[in-house]
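# Overview (structure and organization)
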Amino acid sequence: PGSVFKLVPALAALEEKKINEQTTVMDTGEIKIGEYRFGNWYLDKYGRTEGEVDVVKALSRSNDIFFYKIGEQLGVDSLVSWSKKFGLGEYTNIDLPGEAKGLLPTPYWREKNLGERWFLGNTYHLSIGQGDLMSTPIQINRMTAAIVSGKNCDPKLVGAGSCEENNISEDGRRVILKGMEKACSPEGTAF
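Nothing here was measured: the structure is a model prediction, and the numbers come from that model.

### Regarding the overall build of the protein chain
Along the protein chain, the regular secondary structure elements total nine helices and six strands. A burial count over the protein chain gives 46% of its 191 residues as buried. For the protein chain, the share of sequence-separated contacts (at least 6 apart) that also reach a separation of at least 24 residues comes to 67%. Summed over its atoms, the accessible surface of the protein chain is roughly 10,000 Å², and 51% of this surface lies on carbon and sulfur atoms.

Laid out in structure tokens, this is it:
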């Protein structure tokens, strides 16, 4: 799914009190681990960095360095847990035939299916919605709606689906919405 997934680690870090709205990360443009490089798109495309980035700016500018760092703080188990909370890697049970489940990778899945260990780089990739993570458009729609509304709802084409509260704090939702709004404003990546 790419950067639209960044809502999940942002909210998870806020809800788990790993960060608050004022927490900043220095955008260095890239992180190197041994021979591996994890870059920010802004450095790769324009040769520039963005300085100190808080969660609102990170969402509005889709800053990979910020999400690598909070993904590292959260850890893979937390990222997977929060992703499941919003229905990623699961059927939505929409009333259409042939729905795909998507894939929410875990260390166990990676070892069992690929014969490889999970590394920090895999957590970095997951933190920005890349790597082995796969989703359908309806899963992303449901995830986004859940974060925005505070309710997990079953999508339906005909009739009304059921909804339940997902117990996200109003403060967490407010910060995420601020970042989403700024992403669609001048200087935002979706403007």
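We are not done yet, so read on.
### Some words on unusual backbone geometry
With phi around 60°, K17 is a residue other than glycine that occupies positive phi space. Note that K17 resides in the loop between helix 1 (7–15) and strand 1 (24–27). What makes K17 exposed here is its relative accessible area of 70%. Phi angles above zero are rare outside glycine, and N93 is one such case at about 65°. Counting through the fold element by element, N93 comes out in the loop between helix 5 (76–85) and helix 6 (107–114).

### A short note on the nonpolar core
Core analysis: the largest hydrophobic core is formed by 42 residues, its most contacted members being V55, F66 and F86. Contributing elements (two or more residues each) for this core: helix 1, helix 3 (55–61), helix 4 (64–74), helix 5, helix 7 (120–127), helix 8 (137–149) and helix 9 (170–183). If we skip the residues at most four places from it in the chain, V55 touches A10, L14, I19, N20, E21, T23, F66 and V175.

### Notes on the environment of L114
Tracing the chain through its elements places L114 in helix 6. The class of L114 is partly exposed, set by a relative accessible area of 40%. Residue contacts for L114: discarding those within four places in its chain leaves W109 and D132.

### Things to note about the pairing of strand 2 (residues 30–33)
Relative to strand 3 (residues 36–39), strand 2 runs antiparallel, the two being bridged by four bridges. Note that in strand 3 the partner of E30 across the bridge is G39. Adjacent in sequence and paired antiparallel, strand 2 and strand 3 are bridged by two residues, among which G34 carries a positive phi angle near 60°.

### Let's talk about the side chain of N40
Along the chain, N40 falls in the loop between strand 3 and helix 2 (41–46). Overall, N40 belongs to the buried group, its relative accessible area being 0%. A distance of 3.4 Å separates the side chain of N40 from the side chain of D27, its partner in a polar contact.

### Considerations on the packing of aromatic side chains
By the definition in use, this model includes eight aromatic pairs. Here the aromatic cluster, defined as three or more aromatic residues joined through ring pairs, consists of F38, Y68 and Y124. It is R61 that lies over the ring of Y42; its NZ or CZ is 4.9 Å from the centre.

### Side note on the packing of helix 4 against helix 7
Relative to each other, helix 4 and helix 7 sit at 120°, their axes nearing to 8 Å. In terms of their interaxial angle, helix 4 and helix 7 are classed as oblique. Judged by the sense of rotation from one axis to the other, the crossing of helix 4 with helix 7 is right-handed. Within the contact between the two elements, helix 4 uses F67, Y68, G71 and E72 and helix 7 uses L120, T123, Y124 and S127. Of the residues that constitute the contact of helix 4 with helix 7, the class distribution is four nonpolar, three polar and one charged.

### Remarks on the pattern of salt bridges
For the structure shown, the criterion picks out eleven salt bridges. Between R174 and E21 there is a salt bridge whose closest N-O contact spans 3.0 Å. Of this pair, R174 sits in helix 9 while E21 sits in the loop between helix 1 and strand 1; the two residues are 153 residues apart in sequence, bridging distant segments of the chain. Judged by its relative accessible area of 37%, R174 falls in the partly exposed class. Judged by its relative accessible area of 16%, E21 falls in the buried class. Across the salt bridge formed by R110 and D132, the nearest N and O atoms sit 2.5 Å from each other. Here R110 is found in helix 6, whereas its partner D132 is found in the loop between helix 7 and helix 8, with 22 residues between them in sequence.

Rules used in this analysis
Residues numbered from 1 in each chain as written. Predicted model: local features only at pLDDT ≥ 70, side-chain atom pairs only at ≥ 80, totals over all residues. Heavy atoms only, no water. Helix = DSSP H or I, 4+ residues; strand = E, 2+ residues; numbered from the N terminus. Buried < 20%, exposed > 50% of the residue type's maximum accessible area, 1.4 Å probe, protein only. Contact = heavy atoms within 4.5 Å. Areas by Shrake-Rupley, 256 points an atom, 1.4 Å probe, with all protein chains shown as cover. Core = buried A, V, L, I, M, F, W, Y, C linked by side-chain atoms within 4.5 Å. Pairing = 2+ DSSP bridges. Polar contact = N/O pair within 3.5 Å; in protein donor to acceptor, adjacent residues only side chain to side chain. Phe/Tyr/Trp six-rings, centres within 6.5 Å; stacked < 30°, edge-to-face > 60°. Lys NZ or Arg CZ within 6 Å of the ring centre and 35° of its normal. Axes fitted to C-alpha atoms, helices over the stretch in contact; angles between N-to-C directions. Parallel < 35°, antiparallel > 145°, perpendicular 65-115°, else oblique. Left-handed = near helix turned anticlockwise from the far one by under 90°. Nonpolar A, V, L, I, M, F, W, Y, C, P; charged D, E, K, R; others polar. Salt bridge = Lys/Arg side-chain N within 4 Å of Asp/Glu carboxyl O.

The values reported here are purely geometric and, on their own, carry no functional implication.
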